[in-house]
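What the coordinates show
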Amino acid sequence: MAGHEIPEPADRRQVADHTVDPLAANEPRHSCDPAFMYGVVVGFDGSMSSERALAYAIGMARRSGSGLIIVHVANRLPTTVWAGCEPPVFVDLPDHRTEVLGLELACADYLSEVPWILVERGGDICHELEEVGREYAADAIVVGSTQGIVGRIFGSVAGRLARRAQRPVIVIP
């Protein structure tokens, strides 16, 4: 690319690179805590529907005696590099919501019943939730339903996740 090169984030995958071993993508990342294997993954962004999903996931984790993996997917915007017809570059926006959500969750009394961790990811919400579920060999992924016109036009996260996930997806209204 002519001009400035933008370093890629460490968690960005190379999609079009055919030199990457396709079997390596299926290997779990080594950064996951083994204490939370076979836990419950829940998508959380602070909205009312994600709070209901979190409450359900807490109960599910408590009943099954497993850990809770709370996932917040940070904002990433695709930008197109017009010169040279290069593939799109993803730009990370500063997203301090994960820090704020983490502090709120740390102070929450209702999370004292189960062991939990907060995982931050960047990218497509459906892909990242399924990826975290795969890394932790999760028993289920819990998400809240999308309300409003945006979900109806572009498709809800819950609907897309239910169609593509390799594990049970529980959608909380």
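A short tour of the structure in this document, coming up. (Residues numbered from 1 in each chain as written. Predicted model: local features only at pLDDT ≥ 70, side-chain atom pairs only at ≥ 80, totals over all residues. Heavy atoms only, no water.)

By size, the foremost hydrophobic cluster in this structure holds 19 residues, and its most contacted members are Val41, Ile69, Val71 and Tyr136. Looking at this core, the elements that each hand over two or more residues are strand S2 (68-74), strand S5 (116-122), helix H3 (125-135), strand S6 (140-144) and helix H5 (157-164). Residues within four places of Val71 in sequence aside, it is in contact with Val41, Val42, Gly43, Phe44, Val119, Leu129 and Val132. Of all hydrophobic cores here, the second largest spans 18 residues; its members include Phe44, Leu105, Leu111 and Val142. (Core = buried A, V, L, I, M, F, W, Y, C linked by side-chain atoms within 4.5 Å. Buried < 20%, exposed > 50% of the residue type's maximum accessible area, 1.4 Å probe, protein only. Helix = DSSP H or I, 4+ residues; strand = E, 2+ residues; numbered from the N terminus. Contact = heavy atoms within 4.5 Å.)

A few words now on the pairing of S2. For S2, the buried fraction is high: seven of the seven residues fall into the buried class. Burial of S2 is two-sided: the residues Leu68, Ile70, His72 and Ala74 facing one way and the residues Ile69, Val71 and Val73 facing the other way are all buried. In this region the chain leaves strand S1 (residues 40-43), passes through helix H1 (residues 48-64) and returns to the parallel neighbour S2; the handedness of that crossover is right-handed. Where S2 lies against S5, seven bridges are found, and the strand directions are parallel. Paired with Ala74 across the two strands is Gly122, which belongs to S5. (Right-handed = clockwise from strand over helix to strand, strands pointing away. Pairing = 2+ DSSP bridges.)

Everything listed here is a matter of coordinates, which is why it stays silent on function.
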